[in-house]
Amino acid sequence: QMVLSEKVNQLMEWASKRSVIRMNGDKFRRLVKAPPRNYSVIVMFTALQPHRQCVVCKQADEEYQILANSWRYSSAFTNKIFFAMVDFDEGSDVFQMLNMNSAPTFINFPAKGKPKRGDTYELQVRGFAAEQLARWVADRTDVNIRVIRPPNYAGPLMLGLLLAVIGGLVYLRGSNLDFLYNKTGWAFAALCFVLAMTSGQMWNHIRGPPYAHKNPHTGQVNYIHGSSQAQFVAETHIVLLFNGGVTLGMVLLHEAATSDMDVGKRKIMCIAGIGLVVVFFSWLLSVFKSKYHGYPY
């Protein structure tokens, strides 16, 4: 067995070169499982090889790297905690030893004793955003990590492009700015914003959930999360589509009742509107029922 000082020195040497230490079965057993140990190890169990086709693993790995780099290059850097990774193709024996059949999975191996229930990160509920992982790490190890993300210039570029387009329209229209008072345009923009928010886009931005979930045993892909406390990104797009269909049906019904078109066209609009509302609202209720298993209470 390696003595404690040798273990710590070895881990510190590896951490100084790479924030996330890649481990195989031998390294995991010597440095994580075997005593003595006075440090915690956060381990991400994953499957990053292309033939595994684990899209969520790649997304989670990016956030995990951000978290580990934030720890490595800040005042939070300490030898009381380390970040490691076990890839299935490099340490399948570790997966078997821990009876693990899904990836990605985050587990905290505390300095003393075995991992408890709270030491396994609730990925499906909390998502894999680096900020959420940092809160969980602080809760389990008392090590507070301030997440520092690399600069992203996409936001400023998009804002600059939007301002350029608006400025170009104002310049081309000259003194004729009646288009700014177009109620239909403003209503459409407001409607898009409302649909995006009611479908859960802000929740996705805060929590960073996976796009979908693939069952490792059956290969079945789930786009709707089975819990009312979480959702997938794909689920957001589905709900957005259903809400949009209901809204379009209501708009058609309104136009059928108030427009000056001939009766035949208004009847067609009315039938189409009713059909859209019935179909898409029924699908929306089916999604609601799948998440709230006590429905209709």
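In this text the structure is predicted, and so the values were computed from the model without any measurement.

> So, the packing of aromatic side chains: which residues are in play, and what are the values?
Inspection of the entire model under this criterion finds 17 aromatic pairs. Between Phe 106 and Tyr 121 the ring centres are 5.9 Å apart and the planes differ by 85°, which places this aromatic pair in the edge-to-face class. Of this pair, Phe 106 sits in strand 4 (residues 105-109) while Tyr 121 sits in the loop between strand 4 and helix 5 (123-126); the two residues are 15 residues apart in sequence, bridging distant segments of the chain. Its relative accessible area of 1% is what places Phe 106 among the buried residues. Overall, Tyr 121 belongs to the buried group, its relative accessible area being 4%. The rings of Tyr 39, Tyr 64, Trp 71, Phe 77, Phe 82, Phe 83, Phe 106, Tyr 121 and Trp 136 are connected pair by pair, giving a single aromatic cluster. When the ring centre of Tyr 73 is taken as origin, the NZ or CZ atom of Arg 72, which lies over that ring, is 5.1 Å away. The side chain of Arg 72 reaches across the aromatic face of Phe 77, ending 4.6 Å from its centre.

> Requested: an account of the domain arrangement of the protein chain, with residues and values cited.
Entries for the protein chain in the domain assignment read domain 1 (4-141) and domain 2 (182-291). Counting each side, the surface lost to burial between domain 1 and domain 2 is near 990 Å², with a carbon and sulfur contribution of 50%. Its largest share of buried area at the contact with domain 2, domain 1 owes to Asn 101, Gln 124 and Val 125, together 47% of the area lost on that side. Across the contact surface, domain 1 and domain 2 share 0 salt bridges. Only helix 3 (55-72) and helix 5 provide two or more residues apiece to the side of domain 1 that touches domain 2.

Rules used throughout
Residues numbered from 1 in each chain as written. Predicted model: local features only at pLDDT ≥ 70, side-chain atom pairs only at ≥ 80, totals over all residues. Heavy atoms only, no water. Phe/Tyr/Trp six-rings, centres within 6.5 Å; stacked < 30°, edge-to-face > 60°. Helix = DSSP H or I, 4+ residues; strand = E, 2+ residues; numbered from the N terminus. Buried < 20%, exposed > 50% of the residue type's maximum accessible area, 1.4 Å probe, protein only. Lys NZ or Arg CZ within 6 Å of the ring centre and 35° of its normal. Domains from an automatic or database assignment. Buried area = accessible area lost by both parts, 1.4 Å probe. Salt bridge = Lys/Arg side-chain N within 4 Å of Asp/Glu carboxyl O.

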